[in-house]
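Close look at the chain arrangement
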Amino acid sequence: MKIGLFIPCYVDALYPEVGVSTLRLLRSLGIDVDYPERQTCCGQPMGNAGFERMAVPLAKTFDELFAVYDYVVAPSASCAAYVRCFHPNLLGKKAEECEAAGKTVDLVEFLHDIVKVQSLPARFPHKVSVHNSCHGVRELGLSSPSERNIPKFNKIIDLLQLVEGIEIVEPERPDECCGFGGMFAVEEKAVSARMGVEKVRRHIATGAEYITGPDSSCLMHMQGVAQKQGLDIKFIHVAQILSAGLNSER
């Protein structure tokens, strides 16, 4: 199985340690991983802002560049969801006709659903509150949405339970938006900030030391809120927890 690693803009520019942790984790599991250096943005910022035509060339580049891989793995639920759900429309194709879109998955679903990881050497002796990002819940199915009458599940928690020493909690209203929402945080910043404050306070109410999740953008938004409000909580991407204790890339 050959994997193409897709590193989204937020991770590349602001949280490169998340990309490094993802690569280290995949290689530690014996997975053949390649990082195509010609990769670009997936086009989500333009598409979400209403400029879909500007996203088309990026979708074409993505489809051509990652077509050769068995799976495309990204440490970002929102970017993986955008590629899988919206690239076919941008390219004027059916989903099965896109070379890469249908094979693009978030790191959590790749480990949980495809690799079916049963054990990890990771150790993280901290109390962690799990943030279920909107794209992950409602487009990728990483956890069960509260509005549907279905048995509760959470793939993020399933993986975190493999980590030694960790204590996992969830906030009240676990699948409620943190207020980031990409362009929403720019166009409705007062509402976005208020949502962020309420979300962070619910996470803190669990007694957690850290907030974790599959999207650096959501964590960035909540971290900014916490710093501005003087709230004592730390933030870490789920890839960093799952790879904690791995000393070198293999």
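Report on the accompanying structure.

The rules behind these values
- Residues numbered from 1 in each chain as written.
- Predicted model: local features only at pLDDT ≥ 70, side-chain atom pairs only at ≥ 80, totals over all residues.
- Heavy atoms only, no water.
- Pairing = 2+ DSSP bridges.
- Helix = DSSP H or I, 4+ residues; strand = E, 2+ residues; numbered from the N terminus.
- Axes fitted to C-alpha atoms, helices over the stretch in contact; angles between N-to-C directions.
- Phe/Tyr/Trp six-rings, centres within 6.5 Å; stacked < 30°, edge-to-face > 60°.
- Contact = heavy atoms within 4.5 Å.
- Buried < 20%, exposed > 50% of the residue type's maximum accessible area, 1.4 Å probe, protein only.

**Notes on the sheet that holds strand E4 (residues 104-106)**
With parallel pairing, the four strands of this open sheet are ordered in space as E2-E1-E3-E4. Here the strands that pair on one side only, and so sit at the sheet edges, are strand E2 (32-34) and E4. Strand-to-strand, the axes of this sheet are offset by a mean angle of 35 degrees, without reference to chain direction.

**Quick notes on the sheet that holds strand E6 (residues 167-169)**
In spatial order, the strands read E6-E5-E7-E8; together these four strands make up an open sheet with parallel pairing. On the outer flanks of this sheet lie E6 and strand E8 (234-237), each paired with one strand and no other. Strand-to-strand twist in this sheet, taken as the mean axis angle between neighbours without regard to direction, amounts to 35 degrees.

**Here's the deal with the packing of aromatic side chains**
A full pass over the atoms with the stated rule returns eight aromatic pairs. A network of ring pairs unites the aromatic residues Phe6, Phe62, Phe66 and Tyr69 as a single cluster.

**Observations concerning the side chain of Ser217**
For Ser217, the position within the fold is in helix H11 (residues 216-229). In contact with Ser217, other than residues within four places in its own chain, are Tyr10, Ser78 and Phe180.

**Quick notes on unusual backbone geometry**
A positive phi is found at Lys116, a non-glycine position, where the angle reads about 55 degrees. According to the relative accessible area criterion, Lys116 is exposed, its value standing at 52%. The backbone of Arg173 sits at a positive phi, close to 55 degrees, despite the residue not being glycine. For Arg173, the position within the fold is in the loop between E6 and helix H9 (184-187). The class for Arg173 is partly exposed, based on a relative accessible area of 43%.

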